[in-house]
Amino acid sequence: MNGHGRSGGRPTLEEVAARAGVGRGTVSRVINGSSKVSEHTRVAVEAAVAELGYVPNRAARALAANRTDAIALVIPEPEARFFAEPYFSEVVRGVGAALAETEVQLVLTLAGSDRERRRLSHYLAGHRVDGVLLVSVHAGDPLPELLAELGIPTVISGRRSAAETLPSVDSDNLAGAAEAVRHLLDRGRRTIATITGPLDVYGAQCRLDGYRQALAAAGHAVDEPLIAVGDFTEEGGRRAMRELLERRPALDAVFAASDVMAAGARRELRAAGRRIPEDVALVGFDDSVVARHMDPPLTSVRQPIEEMGRTMTTMLLGRIAGETGEAAAVLPNRLVVRESS
């Protein structure tokens, strides 16, 4: 039938359904990339689409479904942190990979200041996107509640608490941190310090809990002065390392809750004349490009960051399509051992 349906004009969704021997809704699901269709059905529908030359009228479909065919990736952090922290670029890469085979546009929004947040609130209230991916949320942030009030499908990366109500994707922060500390204990280190992330971020709390649990499991009391609070920045890592050296000059290992903070800690250790790993072993978290290019290369807990971006995007597209699916995904981490420990 070379490009025309029985109607003699542009082929319709109904004609594709009749040709494939399925219902109209099934054709719609295949065209929208839903995973809730069998491989056999998908092949049959795609063959009918090809035979009839059916082209989805995306504008009409979006209008009928009150859809914009766009999603927002919202990062409530200052621009400086977005560009300094490799974590965010890997999330963006994963989101982009998940959208590559769709017609959905990605809107990237940084909302680190009050002014940016107000602008974002007005933008979202105008329902200009079908859904939101929310990354790096601090406790008490009003954004998730705003999205819930607006009825915009949302998936969060990095839960706000153990009782997270939004669909979420996370890595196993506690287990990853515990593995890092066990590694340091196995290397014979006994005075192990940690530089935490900001403790109003649930993932940072979990990494601190992992540190505590690994020490306790090995029969070591937690020495509170060996815990310094950082902020996921290089300067914060340097400042925390300085505090730790003042409090416990004999420390022989440091677990930093991010590679960027580990880079700051390394600079401070060097300035204090400490050799890595001979005097002080150093472990980071994320296994970002920072870890691989440090001198010496940094042992780090590898988060599947790109996979997290893909997973949360797939989850969000499912929610937008009206599917329920899983409400939470926790992906495993693994320790990558290099010369710093």
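Preceding block: the structure.
Every chain is numbered on its own, with residues counted from 1 as its sequence reads. Local features in this predicted model are restricted to residues whose pLDDT is 70 or higher, and side-chain atom pairs enter the listing and the counts only when it is 80 or higher, whereas totals over whole chains, interfaces and linings include all residues. The basis for every side-chain value is the complete set of non-hydrogen atoms in the structure, without hydrogens or water.

> For this particular structure, what's the right way to read the packing of aromatic side chains?
What describes a pair of aromatic rings is the distance from one ring centre to the other and the angle between the planes of the rings. We call Phe, Tyr and Trp rings a pair once their centres come within 6.5 Å, taking the six-membered ring for Trp, and we label the pair stacked below 30 degrees between planes, edge-to-face above 60, and tilted otherwise. Under the criterion given, the structure shown has 4 aromatic pairs. Plain terms: the ring middles of phenylalanine 82 and phenylalanine 88 are 5.9 Å apart, the flat faces sit at 25° to each other, and that makes the pair stacked. Per residue, the accessibility class of phenylalanine 82 equals that of phenylalanine 88, and both read buried. Taken together, a centroid distance of 5.5 Å and an interplanar angle of 85° make the contact between tyrosine 87 and phenylalanine 88 edge-to-face. For the pair shown, tyrosine 87 and phenylalanine 88 are each scored as buried. Members of the aromatic cluster, joined through ring pairs, are Phe82, Phe83, Tyr87 and Phe88. Accessible area is worked out with a 1.4 Å probe on protein chains only. A residue is then buried under 20% of its type maximum, exposed over 50%, and partly exposed in between.

> What exactly am I supposed to notice about the sheet that holds strand β7 (residues 227-229) here?
Consider a sheet: its strands pair through backbone hydrogen bonds, and that pairing is either parallel or antiparallel. For two strands to be treated as a pair, DSSP must find no fewer than two bridges joining them. By the criteria applied, helices consist of DSSP H or I runs no shorter than four residues and strands consist of E runs no shorter than two, each listed in order from the N terminus. Spatial ordering of the open sheet is given by β7-β6-β8-β9-β10-β12, a layout of 6 strands whose pairing is mixed. Each edge of the open sheet is held by one strand with a lone partner, namely β7 and β12 (334-336). Each strand of the sheet is rotated relative to its neighbour by a mean of 20°, with strand direction disregarded. Along the sheet, helix α12 (residues 259-271) makes contact with β6 (192-196), β8 (253-256), β9 (281-286) and β10 (299-302), crossing β9 at roughly 155°. As a rule, the C-alpha atoms of each element are fitted with a line to give its axis, helices using only the stretch in contact, and angles between N-to-C directions run from 0 to 180 degrees. Any two residues whose heavy atoms approach within 4.5 Å at even a single point are treated as in contact.

> Where do I start with empty space enclosed by the protein in this structure?
Which parts of space are left empty comes out when a probe the size of a water molecule is rolled across the atoms. Only protein atoms enter the calculation, which uses a 1 Å grid: trapped sets of points that fit a 1.4 Å probe without letting it out are cavities, open sets showing protein on both sides within 12 Å along at least five of seven lines are pockets, and any residue with an atom within 4 Å of a point is a lining residue. Grid points are joined across faces, edges and corners, and a volume is the space filled by probe spheres set on the points. As enumerated under the stated definition, the model contains 2 cavities of 30 Å³ or more in all. By volume, the largest cavity is sized at about 270 Å³. Ranked by the residues each element gives to the lining of the largest cavity, the list is headed by helix α10 (residues 202-217), at 3 residues. Each residue gets one label: Ala, Val, Leu, Ile, Met, Phe, Trp, Tyr, Cys and Pro are nonpolar, Asp, Glu, Lys and Arg are charged, and the others, such as Gly, are polar. The residue inventory of the lining of the largest cavity, partitioned by class, reads 8 nonpolar, 9 polar and 7 charged.

> How should the side chain of aspartate 252 be read in this particular structure?
Along the polypeptide, aspartate 252 turns up in the loop between α11 (234-247) and β8. No salt bridge forms around the buried aspartate 252; measuring N to O, its nearest opposite-charge neighbour arginine 189 is 5.3 Å away. Two N or O atoms form a polar contact when they lie within 3.5 Å of each other; inside protein one atom must be a possible hydrogen donor and the other a possible acceptor, and for residues adjacent in sequence the pair counts only when both atoms belong to side chains. Here the side chain of aspartate 252 touches threonine 191 through a polar contact of 3.0 Å, landing on its backbone nitrogen. Apart from the residues lying within four places of it in its own chain, the contact partners of aspartate 252 are Gly188, Arg189, Arg190, Thr191, Ile192, Asp279, Val280 and Ala281. When charges are counted, Lys and Arg contribute as positive and Asp and Glu as negative, whereas His and the chain ends are disregarded. Salt bridges are counted wherever a side-chain nitrogen of Lys or Arg sits within 4 Å of a carboxyl oxygen of Asp or Glu.

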